[in-house]
Amino acid sequence: MEQEMGELRRYRTQSISRGEFALSDSFYFYIKGLESIVDDQVTQRFSSEELVSWNLLTRTNHNFHYISLRLTIIWGLGVIIRYCVLFPLRITLAIIGLTWLVIGTTLVGFLPNKRLKNWLSELVHLMCYRICARGLSATIQYHNKENKPQKGGICVANHTSPIDIVILANDGCYAMVGQSHGGLMGVIQRSMVRSCPHVWFERSEMRDRNAVTSRLRAHVAAKTNLPILIFPEGTCINNTSVMMFKKGSFEIGGTIYPVAIKYDPRFGDAFWNSAKYNMVNYLLRMMTSWAIVVNVWYLPPMTRREGEDAAQFANRVKSAIAHQGGLLDMAWDGSLKRAKVKEEFKEQQQKMYSSMVMGKKGRNSQEPHTETTRRQ
């Protein structure tokens, strides 16, 4: 900031080292604002990734019929295949998977034997999630399976879509963390918790950070419990970057098992733009895509270093996930998807500028007072 403002003042006799305000300083903030508008690296993470070539889906190119008649005919055949052949099969598989999940977990929940109950619960969960993955025509490649999350640990991953859970649970069982819901989702949650120690919170509990942390710590302390699955970004990002991880997940303690998820948008865009599509519309788009192609990397387990706070640990894990998945590592908060920039960010810029302009004056004005104090 000081260097760029110095360049703006180069035609003036007044330098920034004099500790005085210059009207030309305002141009620095004006230029930065225009640069942010032209090259906005934040809000574009909340919309679908642009493809280099068309994948024969209307949602990625609304002007397909102006390209050529041959391509339009091929697109029409694709619509028939996706909506008349693939979609009914996928819907059938999804209904079977969810129905068996509710029935199976409810029946397992009545068993008294803990060891048998846990074994059957994991079997039912794996079976149901794999059926649901087939309902999405998911093609998943898992890498470095020796680093899979272990019981009593915490699995953290970048978040692109609600189906991230299906993708990860297709290769292992996890304890889910989330808010309790009503309706169909509530029925599924209540049946799942009968057979497996998932952690569901009421809306009032979600606002109590200490209550959430204590329940998660209690779960992690039991080394026989399934690893907790958490998405620290707190919102869905379009799978081109990883945004700021909330530090709460890293204050629990225990071992962190990072997981990087990277979707291939050429066959179907897995990103859920919740501001544009509701859950039903989103699932319809997923089930009418060509396929969901994804790579999953299990990273080596990580623990907090000595003298490292939760925020620093979260950034270190985030950087490792971004590097492995070929994603852009961003420091911005994903909550900007729905909220404005926090006032504290603006205040930081104001304090930096104030310290530059008033810093030398402040030091000079304090020196006589310091000398007087020393003499007294």
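Residues numbered from 1 in each chain as written. Predicted model: local features only at pLDDT ≥ 70, side-chain atom pairs only at ≥ 80, totals over all residues. Heavy atoms only, no water.

**A closer look at the UniProt feature "transmembrane region" (unreviewed entry) in the protein chain**
As annotated in UniProt, the feature "transmembrane region" (unreviewed entry) corresponds to residues 67–85 and 91–111 in the numbering used here. Span residues 67–85 is 89% helix and 0% strand, its end C-alpha atoms 26 Å apart. The span residues 91–111 shows a helical share of 86% and a strand share of 0%, and its end C-alpha atoms are spaced 31 Å apart. (UniProt positions renumbered as here; feature names shortened; annotations may be inferred. Helix = DSSP H or I, 4+ residues; strand = E, 2+ residues; numbered from the N terminus.)

**Observations concerning the side chain of Ser191**
If you trace the backbone, Ser191 turns up in helix H6 (residues 183–195). Since its relative accessible area comes to 3%, Ser191 is described here as buried. Discounting chain neighbours no more than four positions away, the residues touching Ser191 are Leu101, Val102, Thr105 and Thr106. (Buried < 20%, exposed > 50% of the residue type's maximum accessible area, 1.4 Å probe, protein only. Contact = heavy atoms within 4.5 Å.)

**Focus: the pairing of strand S1 (residues 138–143)**
Consecutive residues of a regular strand have side chains that alternate between opposite faces of the sheet. The two faces of S1 differ: Ala138, Ile140 and Tyr142 on one face are buried, but Thr139, Gln141 and His143 on the other face are not. Pairing of S1 with strand S8 (residues 292–298) involves six bridges; the strand directions are parallel. Across the sheet, the residue bridging to Ala138 is Ile292, located in S8. (Pairing = 2+ DSSP bridges.)

**Side note on H6**
Buried residues of H6: Gly186, Ile188, Gln189, Ser191, Met192 and Ser195, and no others. Contacts made by the buried residues of H6 are with helix H3 (69–108), helix H4 (114–135), strand S3 (175–179) and strand S4 (199–201).

**What to know about the side chain of Asn273**
Position of Asn273 among the secondary structure elements: in the loop between strand S7 (256–264) and helix H9 (279–287). Once you skip the residues sitting within four places of it in the chain, Asn273 turns out to touch Phe46 and Ser47.

**Quick word on the nonpolar core**
Taken as a class, soluble globular proteins show a tendency for nonpolar side chains to be buried jointly. Core analysis: the largest hydrophobic core is formed by 40 residues, its most contacted members being Ile163, Leu168, Met176, Val259, Tyr263 and Val296. Broken down by element, the residue count for this core peaks at five residues, all from H4. With residues near it in sequence (within four places) discarded, Ile163 still touches Leu136, Tyr263, Ala270, Tyr282, Met286 and Ile292. Counting residues in each nonpolar core, the second largest holds 25 residues, with Val156, Ile228, Ile230 and Trp297 among its members. (Core = buried A, V, L, I, M, F, W, Y, C linked by side-chain atoms within 4.5 Å.)

**Description of the pattern of salt bridges**
Following the criterion strictly, the structure yields six salt bridges and no others. One salt bridge in this structure joins Glu122 and Lys151, with 3.4 Å as the shortest N-O distance. Pair noted here: Glu122 is in helix H4 and Lys151 is in the loop between S1 and strand S2 (154–157), with a separation of 29 residues, a long-range link. Exposure remark for Lys151: the relative accessible area of 43% places this residue in the partly exposed category. Measuring nitrogen to oxygen at the nearest pair gives 2.3 Å for the salt bridge that ties Lys318 to Asp329. Linking Lys318 in helix H10 (residues 310–325) with Asp329 in strand S9 (residues 328–329), this pair joins segments that are 11 residues apart in sequence. Since its relative accessible area comes to 34%, Asp329 is described here as partly exposed. Residues joined in a network through salt bridges with shared partners are Lys145, Lys148 and Asp171. (Salt bridge = Lys/Arg side-chain N within 4 Å of Asp/Glu carboxyl O.)

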